[in-house]
Structures are given as structure tokens and as C-alpha cells.
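Chain by chain, the residues run as shown.
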Amino acid sequence: MTRGPDPTETTDRSITVVLLDTDRERRDCQSYEEAIAVVKEELAPGTVAKIENRDGEIVFTSSEMSIDAWEVEWRQQKRRLSVETEDHVCPYDNVGCIFDDLCVQCKMDAVQDSF
């Protein structure tokens, strides 16, 4: 059996759930699914839960949004990233112009090209 190349980058960081009530508790999780489950299980009145990504950035805070709403948004973004899209290079060098969300100039060009 042949083995593929070794990974070029590894990380031992995990996704962390931070629970704030009378004290500060940190729980390491291996995935966002696990972190969401921990938040749903541990969230109680008077407790603030946060999800911290592998880079140390807070991506969810229960005082700002419900975990259910955040989970729906996270799953939509995950699904959107997994869908193959065709490459789009904006002729106007607009970095925010992508295949499924064109800039105004590209939208105008598409309308003009349709006539």
C-alpha cells in the first residue's frame, strides 16, 4: 500500500467552547459540530457561551445570537464553500466580485450581454 505525501502543515489547536457563569470554563472540541453540541448542552440562564476557532478568534457569542440561528448560518456557509463554482475573474479588479455575487459593473455587463 502506498502512502500519500505527509501533510505540509499540522495543528494541535482545537475549537474551544468558553463557558462564562460564576467561573470561566474552557472545553476543547475537535469540530464545530461538537462545539455546537456542547453549547446546546451547557447553555443555561446566566451563562454566556462562546466558540473560539483554531486561530483564537471568537466566532460565536450567545449574548449576541442564539446557537440555533448561528448553527443554521454556519451550515449554510459550509455548504456554500463545498459547492463547486466556476472561476470568475473580475475585469474591474474588484476583489469582492465572485461568481455568485458579482460587482455592479459585472452585473451591468451581464445585462448588456443578454440583449
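Reading the values: the criteria
- Residues numbered from 1 in each chain as written.
- Predicted model: local features only at pLDDT ≥ 70, side-chain atom pairs only at ≥ 80, totals over all residues.
- Heavy atoms only, no water.
- Helix = DSSP H or I, 4+ residues; strand = E, 2+ residues; numbered from the N terminus.
- Buried < 20%, exposed > 50% of the residue type's maximum accessible area, 1.4 Å probe, protein only.
- Contact = heavy atoms within 4.5 Å.
- Areas by Shrake-Rupley, 256 points an atom, 1.4 Å probe, with all protein chains shown as cover.
- Arc of directions from axis to C-beta.
- Pairing = 2+ DSSP bridges.
- Axes fitted to C-alpha atoms, helices over the stretch in contact; angles between N-to-C directions.
- Phe/Tyr/Trp six-rings, centres within 6.5 Å; stacked < 30°, edge-to-face > 60°.
- Core = buried A, V, L, I, M, F, W, Y, C linked by side-chain atoms within 4.5 Å.

A. Examining the overall build of the chain more closely. Along its length, the chain carries three helices and four strands. Secondary structure elements of the chain, listed N to C terminal, follow the sequence β-β-α-β-β-α-α. Taking all 115 residues of the chain together, 23% fall into the buried category. Considering only intrachain contacts with a sequence separation of at least 6, the fraction spanning at least 24 residues in the chain is 36%. Accessible surface computed for the chain: about 9,000 Å², of which carbon and sulfur atoms make up 49%.

B. Broad picture of helix α1 (residues 32-42). Among the residues of α1, those classed as buried are A35, I36, V38 and V39. Along α1, the residues classed as buried sweep out an arc of 160° about the axis, all on the same side.

C. Structural context of the sheet that holds strand β1 (residues 15-20). Reading across from one edge, β2-β1-β3-β4 is the order of the four strands in this open sheet, with antiparallel pairing throughout. Each having just a single partner strand, β2 (24-29) and β4 (58-61) make up the two edges of the open sheet. Sheet twist, expressed as the average angle between the axes of neighbouring strands with direction ignored, equals 20°. Note: β1 against strand β3 (residues 48-52), five bridges, orientation antiparallel. Within the sheet, the bridge partner assigned to L20 lies in β3 and is V48.

D. Spotlight on the packing of aromatic side chains. One pass over the structure, following the stated rule, counts four aromatic pairs. Relative to W70, the ring of Y32 lies with its centre 6.2 Å away and its plane at 45°, an arrangement referred to as tilted. Taken together, the positions of Y32 in helix α1 and W70 in helix α2 (residues 67-82) put the pair 38 residues apart, joining distant regions of the chain. Take W70: its relative accessible area is 11%, and that puts it in the buried class.

E. Region of interest: the nonpolar core. Counting 14 residues, the largest nonpolar core has V17, V39, I51, I67 and W70 as the members making the most contacts within it. At the level of secondary structure, the elements contributing two or more residues to this core comprise β1, α1, β3 and α2. A total of four residues in this core trace back to one element, the largest contributor, which is α1.

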